[in-house]
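What the coordinates show
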Amino acid sequence: MVAETAKIDAASGAGGGQPPRHVAIIMDGNGRWATERGWPRLVGHRRGAERVKQIVRACPDIGVNWLTIYAFSTENWKRSSEEVLGLMKIFRRYIQREADGLSAEGVRMRFIGARERLDPKLQSLMAGIEARTAGNTRLNLTVAINYGGRDELLRASNRLAEKIALGHLTGPATEADLQDCLDTAGHPDPDLVIRTSGETRTSNFLPWQAAYAEYEFSQTLWPDFTPDHLAEILDRFGLRKRRFGGV
Ligand code: IPE
Ligand code: IPE
Ligand code: MG
């Protein structure tokens, strides 16, 4: 038991003035940012994508080795087709325009979420940049596109059932077995989840992985969120005492 607790603490790399090893961000508020200015929502999404570039660049220098960002949820298909198509175009452009820079900066880019529903062109760009950056280690950037925590857990449960049915695994399954079937298999759990724009809900983001994460809710809308805002949140994180159920 003592060994187990020590293992969790070491894996999280958190608290005691240490930066979080893995930060996950719910990038919210793009639409309101644009609407407040009388502009179409897509302008906010474009500005949001510019912020992503800045935050990605800032992470390694402030000790963050894993960054997971929520770009499009399984619920976001409810939006107008104009907004959905506009977002998909932003994702394609981001990958095309950033590929060289990300590769050169040592960023390993990966995606989580159900890919089959995405445009084949986008899917192939995603696979391409994952392969191209697979050897990088300076920052592990994971982008959640068509991601929903419940959908991920359902897909993982079906994979697990299949493994058992095929005799690749003998039941009953363990937590580790389920974890191996998640989109995030092999990724450490997030230490800190940040949501911008003042909303205090998780909106189906990483329910399994963030079970013991610390949460920070920022009033700032995502297009206004700078590396300085991030640094300030990380300073507060360093003061937190994480107990993982211990004392
Ligand atoms: C977050 O900003 C980006 C996505 C969900 C794609 P929103 O588009 O949700 O912005 P608000 O919440 O409407 O302001
Ligand atoms: C969560 O934001 C999803 C992303 C940031 C991609 P939403 O704006 O979709 O969440 P709700 O609707 O406020 O819960
Ligand atoms: Mg929103």
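Residues numbered from 1 in each chain as written. Chains lettered and ligands numbered in written order. Predicted model: local features only at pLDDT ≥ 70, side-chain atom pairs only at ≥ 80, totals over all residues. Heavy atoms only, no water.

If you look the chain up in an unreviewed UniProt entry, it shows as Isoprenyl transferase from Paracoccus zhejiangensis. UniProt's Function (unreviewed entry) comment on the chain is quoted here verbatim: "Catalyzes the condensation of isopentenyl diphosphate (IPP) with allylic pyrophosphates generating different type of terpenoids." Regarding the chain, the relevant UniProt record gives this comment under Sequence similarities (unreviewed entry): "Belongs to the UPP synthase family." (UniProt positions renumbered as here; feature names shortened; annotations may be inferred.)

Observations concerning the overall build of the chain
The helix and strand inventory of the chain stands at eight helices and six strands. When the helices and strands of the chain are read in sequence order from the N terminus, they spell out α-β-α-α-β-α-β-α-β-α-α-β-β-α. For 247 residues, the compact-globule formula gives about 18 Å, and the C-alpha radius of gyration of the chain, at 18 Å, lands near that figure. When the backbone C-alpha atoms are referred to their principal axes, the chain occupies close to 55 × 45 × 35 Å. By residue count, 49% of the 247 residues in the chain fall in the buried class. (Helix = DSSP H or I, 4+ residues; strand = E, 2+ residues; numbered from the N terminus. Rg over C-alpha atoms; globule rule 2.2 N^0.38 Å. Buried < 20%, exposed > 50% of the residue type's maximum accessible area, 1.4 Å probe, protein only.)

Considerations on the UniProt feature "binding site: Mg(2+)" (unreviewed entry) in the chain
Under the UniProt annotation, "binding site: Mg(2+)" (unreviewed entry) lies at Asp-28 and Glu-214. Tracing the chain through its elements places Asp-28 in the loop between strand S1 (22-26) and helix H2 (30-36). Here the side chain of Asp-28 touches Arg-195 through a polar contact of 2.8 Å, side chain to side chain. On the secondary structure map, Glu-214 appears in strand S6 (residues 214-217). A relative accessible area of 17% means that Glu-214 is categorised as buried. (Polar contact = N/O pair within 3.5 Å; in protein donor to acceptor, adjacent residues only side chain to side chain.)

Some words on helix H6 (residues 149-165)
Over its 17 residues, H6 extends 24 Å from the first C-alpha to the last, a length consistent with the 24 Å expected when each residue adds 1.5 Å. Those residues of H6 not exposed but buried are Gly-149, Glu-152, Arg-155, Ala-156 and Leu-160. All buried residues of H6 project into a common sector of 140° when viewed along the axis, lining one side. Counted as exposed and oriented over 90 degrees from the buried face of H6: Arg-150, Leu-154 and Ala-165. Buried residues belonging to H6 abut strand S4 (139-147) and helix H7 (175-179). Phi for Gly-167, located one or two positions after H6, is positive at around 80°. (Expected span 1.5 Å × (residues − 1). Arc of directions from axis to C-beta. Contact = heavy atoms within 4.5 Å.)

Here's the deal with empty space enclosed by the protein
Taken as a whole, this structure holds one cavity of 30 Å³ or more when the rule is applied. For the lining of the largest cavity, the residue count by class is three nonpolar, five polar and no charged. (1 Å grid on protein atoms, 1.4 Å probe; cavity = no way out; pocket = protein on both sides within 12 Å on 5 of 7 lines; lining within 4 Å. Points joined across faces, edges and corners; volume = space filled by probe spheres on them. Nonpolar A, V, L, I, M, F, W, Y, C, P; charged D, E, K, R; others polar.)

A closer look at the sheet that holds S6
Taken in spatial order, the six strands make up an open sheet running S3-S4-S2-S1-S5-S6, and their pairing is parallel. Single-partner strands in this sheet number two, and they are strand S3 (107-112) and S6. Neighbouring strand axes in the sheet, compared pairwise and without regard to direction, differ in orientation by 20° on average. Sheet topology note: the S1/strand S2 (residues 66-73) ladder contains five bridges and is parallel. Directly across from Val-23, in S2, lies its bridge partner Leu-67. (Pairing = 2+ DSSP bridges. Axes fitted to C-alpha atoms, helices over the stretch in contact; angles between N-to-C directions.)

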